[in-house]
Amino acid sequence: GDDDEKTRANAAGALGNLVRNSVDLCRVMIENKALEALLRLVQTRIPSSSGARDSLLADSSVKIALFSLGNMSVHAPCKA
């Protein structure tokens, strides 16, 4: 339900915040598969219907996961 959505969004946001201003935690996140978890969140939230794009963009956990992946991608260790 809505609580699950908030939990997913908060967790995704926390991961992105940890690397927003520093590369220091990138290796730890890579070792603990945080990038894969964020990708999996996005993949599992993709609806199978034809109106998938609108529904996907309405899902705040997906938007935040993508933003967090963007935060991570600016750091060299996360690019490899």
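(A) Inspection of the packing of helix α1 (residues 2-19) against helix α5 (residues 60-73) at higher detail. As a packed pair, α1 and α5 sit with axes 8 Å apart at the nearest point and diverge in direction by 10°. The angle between α1 and α5 falls in the class roughly parallel. Of the residues in α5, those in contact with Glu5, Arg8, Ala9, Ala12, Gly13, Leu15, Gly16 and Val19 of α1 are Ser60, Ser61, Ile64, Ala65, Ser68, Asn71 and Met72. Split into classes, the residues belonging to the contact of α1 with α5 amount to seven nonpolar, six polar and two charged.

(B) Structural detail: unusual backbone geometry. One non-glycine residue, Lys33, lies in the positive phi region at around 60°. With respect to the helices and strands, Lys33 occurs in the loop between α2 (26-31) and α3 (34-45).

(C) Inspection of the nonpolar core at higher detail. In terms of nonpolar packing, the biggest core is built from 14 residues, with Val19, Met29, Leu35, Leu38, Ala65, Met72 and Cys78 touching the most fellow members. For this core, the elements supplying multiple residues, two or more each, are α1, α2, α3 and α5. In terms of residue count, the dominant contributor to this core is α3 (five residues). If sequence neighbours within four positions are ignored, Leu38 has contacts with Ala12, Leu15, Ala65, Ser68, Leu69 and Met72.

Scoring rules and cut-offs
- Within each chain, residue numbers correspond to sequence positions counted from 1 in written order.
- The predicted origin of the model limits local features to residues at a pLDDT of at least 70 and limits the giving and counting of side-chain atom pairs to 80 or more, whereas totals for whole chains, interfaces and linings rest on all residues.
- Hydrogens and waters are ignored; side-chain quantities use all the structure's heavy atoms.
- Angular values range over 0 to 180 degrees, each being the angle between N-to-C directions of two axes fitted as lines to C-alpha atoms, with helices fitted over their stretch in contact.
- Secondary structure elements follow DSSP: runs of H or I of four or more residues count as helices, runs of E of two or more count as strands, with numbering from the N terminus.
- Each angle gets one of four labels, with under 35 degrees taken as roughly parallel, over 145 as roughly antiparallel, 65 to 115 as roughly perpendicular, and the rest as oblique.
- Note on contacts: a residue pair qualifies if any of its non-hydrogen atoms lie within 4.5 Å across the two residues.
- Residues are grouped as follows: Ala, Val, Leu, Ile, Met, Phe, Trp, Tyr, Cys and Pro are nonpolar; Asp, Glu, Lys and Arg are charged; all remaining types, including Gly, are polar.
- Each nonpolar core is a collection of buried residues, namely Ala, Val, Leu, Ile, Met, Phe, Trp, Tyr and Cys, held together in the definition by side-chain atoms within 4.5 Å.
- The cut-offs for exposure are 20% and 50% of the maximum accessible area for each residue type, with area from a 1.4 Å probe on protein chains only; residues under the lower value are buried, those over the upper are exposed, and the others partly exposed.

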